[in-house]
Amino acid sequence: MTREPNPDFDRYMIALHRGEPDRVPLGDWHVDTSLKARFLGRNLERIEDEIDFCYRAGFDYVPQFAGLLTWPHGPAQSASVLRDRKVSADGDQSERVWAGERDNVVTSWEQFKKYTWPTADDFKFSQFKALDRLLPKGMKAIPVLGRIFTSVWLYMGADNFFDALGSNEELVAALFDKIGNLQYETLLRLTEHSSVGAIVSNDDCAHNTGLLIHPKYLRKYMFPWYQKFGEVCRQKGWGFVFHSDGEISEIMDDIIACGFDGFHPVQPNAMDIVETKKKWGDRLCLLGNINLDSTLTLGTPEDVRSEVYERIRTVGPGGGYMVASSNSVTNYVPFENMKAMFNATFEFGKYPIQLPDRGYADTTFKTRSRTEFQQKVESLPGLNAADYVRVFLDDNLPEAIELVERHIAAGVKPSDVLSKGMVQAMAIIGGKFQSGEIYIPEMIMAARTMSSTVGHFKDLLTAKSEVVSGRVVMGTVKGDLHDIGKNLVIMMLEGQGLTVHDLGIGVHESRFVEAVRDEKPDVLAMSALLTSTMTEMKVVIDALTNAGLRDAVKIIVGGAPVTAEFAARIGADAYAFDAPEAAQKCKELLSK
Ligand code: B1M
């Protein structure tokens with residue numbers, strides 16, 4: 001790539017303030033080290049190398065992680081090294097892991113008090129000192145600092161966190177306070193550095209179809225901290241960008257109220273960037289949207305070029321847009337695709353933008369389609385599934401038990417209590433989750449209350465049950481540690497009367513084969529959240545074929561980047577968009 005680097009942080013700030021600079025800036029906050037090294041033709045060992053990469057790639061800034069990261073497999077080049085606390089399992093200090101994702105370091109008051117909390121003094125700021133001295137003219141530093149909500153739930157572990165919102169909210173509040181304060185103290189330290197020009201606060205609040213938790217918690221515990229961040233940024237004249245994956249429309253106004261100037265990464269599978277610009281583009285600059293689920297990872301450089309063209313054509317005019325990936329430039333983005341994204345930004349991004357429509361939208365912008373889950377509600381005289389919906393969502397086990405007793409006493413068959421009462425209630429609750437009426441914690445709580453109710457009447461309800469029965473083995477595939485979605489799927493399956501053996505996360509193909517051979521399940525269910533790991537599903541199917549077991553089991557796949565078309569291509573029997581649909585599809589597979 002021969003291009004004269006011409007860094008100019010004013011360009012970044014003009015775009016951030018919704019203006020038209022000379023050209024559309026690049027806006028990513030993280031590029032994997034391996035790609036940077038390949039770009040430079042050498043390993044990155046010093047801050048000078050980071051600067052060199054950003055300069056030569058065409059960025060107007062150098063992003064650097066700061067503060068508490070709680071990043072289980074953290075970006076190795078992160079600059080916020082913890083001095084003397086927890087280190088990674090292999091003893092590598094450079095991984096700077098405070099709390100392993102599965103360590104669940106704080107789940108009780110006792111642990112909260114016992115834990116050696118870091119202070120801002122424990123973080124290293126020397127990289128910013130170096131940037132103060134070394135940055136070339138026109139460039140600034142962007143500390144990536146936020147992760148308040150994310151750190152809280154990673155410290156507790158997802159399940160414990162979701163539980164605690166209902167059962168121990170004071171502990172959740174204390175964690176928000178502790179971590180919010182720590183990140184804020186770190187921000188104040190950064191005010192001493194002349195190189196800083198903006199802050200990117202990264203805090204993933206959502207998945208593909210909605211927020212992870214009810215916005216009232218974010219409003220109570222997270223946004224007040226970002227208000228304080230916003231004040232500091234305003235006083236310093238710094239730009240302020242919020243990063244959250246997923247569909248966050250519900251909290252967009254809160255983000256604006258905190259003083260954020262920009263929103264990254266407008267994930268294409270979750271939000272339509274053209275619509276987002278129409279609604280909020282007069283108050284927020286948009287950064288991102290180059291699709292990590294498909295184009296950047298699976299497409300060709302020409303596909304990437306087309307997608308950048310399309311984004312600049314549709315979102316660039318009028319200003320307030322920066323080209324970036326829809327999360328970060330991960331190690332599984334092909335090198336040539338990364339370069340194509342940078343180059344196309346320079347090629348098409350010059351203002352004024354007047355690009356003709358080349359019809360790229362149809363080929364580059366692939367959003368997954370969701371099948372609406374149609375739940376048939378059959379009512380029986382004296383039995384209304386809605387009653388179970390209410391008590392499950394209220395987490396009211398005594399009332400659920402009373403309800404079952406009342407229905408049995410009124411002469412409803414136990415199998416109908418289960419299939420037309422509770423199982424239907426869980427399906428209705430799944431529909432509420434799909435429509436965004438309830439969030440993950442409520443769904444988990446309802447599933448647990450149902451399971452406890454069934455457990456209470458185990459012999460009575462499950463004897464000669466007409467509820468579909470079947471056995472499922474499920475796991476998240478090798479290389480992938482995402483499990484919140486998998487766990488929800490399992491709860492829905494169990495809520496529909498299926499027995500599930502959870503193999504956990506990062507499951508090797510040999511483990512799937514072994515489970516199919518030994519446990520003879522009716523269905524094998526696989527989850528993947530990364531484009532790089534969904535190909536593992538095919539590896540598992542091939543391994544089953546080689547072991548002569550492919551026809552012994554039905555296979556269903558799903559997860560955020562997985563599509564029906566992909567499922568068909570790898571030879572799976574079914575695909576489901578979400579947990580309620582997974583339950584529906586498994587039942588269909590069982591009836592075949
Ligand atoms: Co990660 N992450 N993450 N992450 N993360 C995603 C998945 C991502 C989509 C964000 C984005 O692009 N903006 C992106 C993947 C992009 C891609 O490759 N296509 C991503 C990335 C890049 C990464 C890292 C690589 C980041 C990095 O290090 N640079 C890294 C990878 C780690 C690894 O796995 N090796 C990483 C790490 C993490 C955390 C550890 C911080 C955390 C996971 C913690 C955990 O699971 N215990 C995390 C999270 C939380 C997310 C987001 C924000 C939320 C995922 C989630 O839990 N959703 C996610 C953004 C997003 O999804 N938009 C993102 C809630 C859950 C209910 O939804 O899991 O989609 P979901 O499950 C749904 C459906 O997909 C479906 O039903 C569920 C419920 O209805 N479903 C199935 C799931 N499995 C199914 C199976 C079925 C059927 C349906 O049949 C069998």
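Residues numbered from 1 in each chain as written. Predicted model: local features only at pLDDT ≥ 70, side-chain atom pairs only at ≥ 80, totals over all residues. Heavy atoms only, no water.

Undergrad: Looking at this model, I keep getting lost on the overall build of the chain. Mind explaining?
TA: The secondary structure content of the chain amounts to 25 helices and 14 strands. Looking at the chain as a whole, 59% of its 592 residues are labelled buried. A separation threshold of at least 6 residues defines the contact pool for the chain, and within that pool the share at least 24 residues apart is 75%. Summing over all exposed atoms, the chain offers an accessible surface of approximately 23,300 Å²; the carbon and sulfur share of this is 49%. (Helix = DSSP H or I, 4+ residues; strand = E, 2+ residues; numbered from the N terminus. Buried < 20%, exposed > 50% of the residue type's maximum accessible area, 1.4 Å probe, protein only. Contact = heavy atoms within 4.5 Å. Areas by Shrake-Rupley, 256 points an atom, 1.4 Å probe, with all protein chains shown as cover.)

Undergrad: Whenever I open this one, the coordination of the cobalt atom of the ligand confuses me. Can you help?
TA: Protein coordination of the cobalt atom of the ligand is limited to a single donor, His-482 (NE2), which sits 2.4 Å from the metal. If you trace the backbone, His-482 turns up in the loop between strand S10 (471-477) and helix H21 (484-495). (Donors = N, O, S within 2.8 Å, 3.2 Å for Na, K, Ca; no water.)

Undergrad: It is not clear to me how helix H1 (residues 9-16) should be interpreted in this structure. Could you clarify?
TA: Side chains of residues three or four places apart in an α-helix project in the same direction, reflecting 3.6 residues per turn. Within H1, six of the eight residues are buried, leaving the element largely enclosed by the surrounding structure. Turning to H1, its buried residues number three or more, namely Phe-9, Arg-11, Tyr-12, Met-13, Ala-15 and Leu-16. You can read the cap of H1 off the contacts: a side-chain oxygen lies 3.0 Å from the backbone nitrogen of Asp-10, and it is on Asp-8. Just downstream of H1, Arg-18 is the residue with a positive phi angle, here 65°. (Polar contact = N/O pair within 3.5 Å; in protein donor to acceptor, adjacent residues only side chain to side chain.)

Undergrad: How should the pattern of salt bridges be read in this particular structure?
TA: Oppositely charged side chains may form a pair once their charged atoms are brought near each other. All chains considered together, the criterion is met by 29 salt bridges. Lys-278 is the partner of Glu-275 in a salt bridge, and the nearest nitrogen-oxygen pair spans 3.1 Å. Placement of the pair is Glu-275 and Lys-278 together in helix H11 (residues 273-280), with a separation of three residues, close to one helical turn. With relative accessibility at 35%, the residue Glu-275 sits in the partly exposed group. A relative accessible area of 62% places Lys-278 in the exposed class. Lys-420 is paired through a salt bridge with Asp-416; the nearest N and O atoms lie 3.3 Å apart. (Salt bridge = Lys/Arg side-chain N within 4 Å of Asp/Glu carboxyl O.)

Undergrad: I'm lost on the sheet that holds strand S12 (residues 523-527) in this one. Help?
TA: Two modes of strand pairing occur in sheets, parallel and antiparallel, and in both the strands are linked by backbone hydrogen bonds. Spatial ordering of the open sheet is given by S11-S10-S12-S13-S14, a layout of five strands whose pairing is parallel. Strands at the two margins of the open sheet, each flanked by one partner only, are strand S11 (499-507) and strand S14 (574-575). Of the strands in this sheet, S10, S11 and S12 touch H21, which is tilted by about 170° from S11. Each of S10, S11 and S12 is contacted by helix H22 (residues 509-519), which is oriented at about 160° to S11, the strand it contacts most. (Pairing = 2+ DSSP bridges. Axes fitted to C-alpha atoms, helices over the stretch in contact; angles between N-to-C directions.)

Undergrad: Please explain the site of the ligand as it appears in this structure.
TA: In the vicinity of the ligand, 48 residues are found, and the nearest of them are Asn-208, Asp-293, Tyr-332, His-482 and Thr-531. Residue Ser-527 places a side-chain N or O atom 2.7 Å away from a nitrogen atom belonging to the ligand. At 3.2 Å, a backbone N or O of Ala-560 approaches an oxygen atom of the ligand. Elements that contribute at least two residues to the shell around the ligand include exactly strand S4 (206-207), H21, S12, strand S13 (554-558) and helix H25 (579-591). At four residues, H21 tops the list of elements feeding residues into the shell around the ligand. Considered class by class, the residues forming the shell around the ligand number 25 nonpolar, 15 polar and eight charged. (Near = heavy atom within 4 Å. Nonpolar A, V, L, I, M, F, W, Y, C, P; charged D, E, K, R; others polar.)

Undergrad: Explanation requested: the packing of helix H6 (residues 148-156) against helix H8 (residues 169-190) in the structure shown.
TA: Each pair of packed helices gets described by two things: the angle between the helix axes and the distance between those axes. The interhelical angle for the contact between H6 and H8, taken along N-to-C directions, is 130°, at an axis separation of 9 Å. Of the possible angle classes, the one that applies to H6 and H8 is oblique. Of the two elements, H6 crosses H8, and the hand of that crossing is right-handed. Facing Ile-148, Phe-149, Ser-151, Val-152, Tyr-155 and Met-156 of H6, the residues of H8 in contact are Leu-171, Val-172, Leu-175, Phe-176, Ile-179, Gly-180 and Gln-183. Within the contact of H6 with H8, the residues separate by chemical class into 10 nonpolar, three polar and no charged. (Parallel < 35°, antiparallel > 145°, perpendicular 65-115°, else oblique. Left-handed = near helix turned anticlockwise from the far one by under 90°.)

Undergrad: What exactly am I supposed to notice about the environment of Asn-327 here?
TA: Inspection of the secondary structure puts Asn-327 in the loop between strand S9 (321-322) and helix H14 (335-348). Taking the C-alpha atoms as reference, Asn-327 lies 8.1 Å from Asn-289; in sequence the two are 38 residues apart. A polar contact is formed between the side chain of Asn-327 and the side chain of Ser-328, at a distance of 2.7 Å.

Undergrad: Could you clarify how one ought to interpret the confidence of the model for the chain in this entry?
TA: Residues shown with low pLDDT carry predicted positions that ought not to be read at fine detail. With 90% of its residues at a pLDDT of at least 70, the chain reaches an overall mean of 89. The low-confidence segment residues 71-102, where pLDDT is below 50, has 82 contacts with residues more than four positions distant or belonging to other chains. (pLDDT = per-residue confidence, 0-100.)

Undergrad: Quick question: what am I supposed to make of unusual backbone geometry here?
TA: Backbone phi values are negative for most residues with the exception of glycine, while trans is the configuration of most peptide bonds. His-264 connects to Pro-265 through a cis peptide bond whose omega is 10°. Secondary-structure assignment places Pro-265 in the loop between strand S7 (262-264) and H11. Positive phi, normally seen in glycine, also occurs at Arg-147, with a value near 45°. The exposure class of Arg-147 is buried, given its relative accessible area of 5%.

Undergrad: Would you take a moment to explain the nonpolar core for this structure?
TA: Note on soluble globular proteins: their nonpolar side chains tend to be buried together. Formed by 177 residues in total, the largest nonpolar core has its most connected members in Tyr-12 and Phe-161. Leave out the neighbours within four places in its chain, and Phe-161 touches Phe-149, Val-152, Trp-153, Met-156, Val-172, Phe-176 and Ile-213. Core analysis: the next-biggest nonpolar cluster, separate from the first, contains 28 residues, Ile-541, Ile-570, Ala-572 and Phe-577 among them. (Core = buried A, V, L, I, M, F, W, Y, C linked by side-chain atoms within 4.5 Å.)

Undergrad: Help me understand the side chain of Ser-328 in this model?
TA: Topologically, Ser-328 is positioned in the loop between S9 and H14. Residues within four places of Ser-328 in sequence aside, it is in contact with Asp-28, His-30 and Leu-292.

Undergrad: Teacher, can you tell me more about the packing of aromatic side chains here?
TA: Two descriptors summarise a pair of aromatic rings, namely the distance from one centre to the other and the angle between the planes of the rings. Evaluated as defined, the whole model comprises 27 aromatic pairs. Between Phe-161 and Phe-162, the ring centres sit 5.8 Å apart and the planes meet at 55°, which makes this aromatic pair tilted. A relative accessible area of 6% places Phe-162 in the buried class. Each member of the aromatic cluster is reached from another via a ring pair, and the members are Phe-9, Tyr-12, Phe-39, Phe-53, Phe-59, Tyr-61 and Phe-342. (Phe/Tyr/Trp six-rings, centres within 6.5 Å; stacked < 30°, edge-to-face > 60°.)

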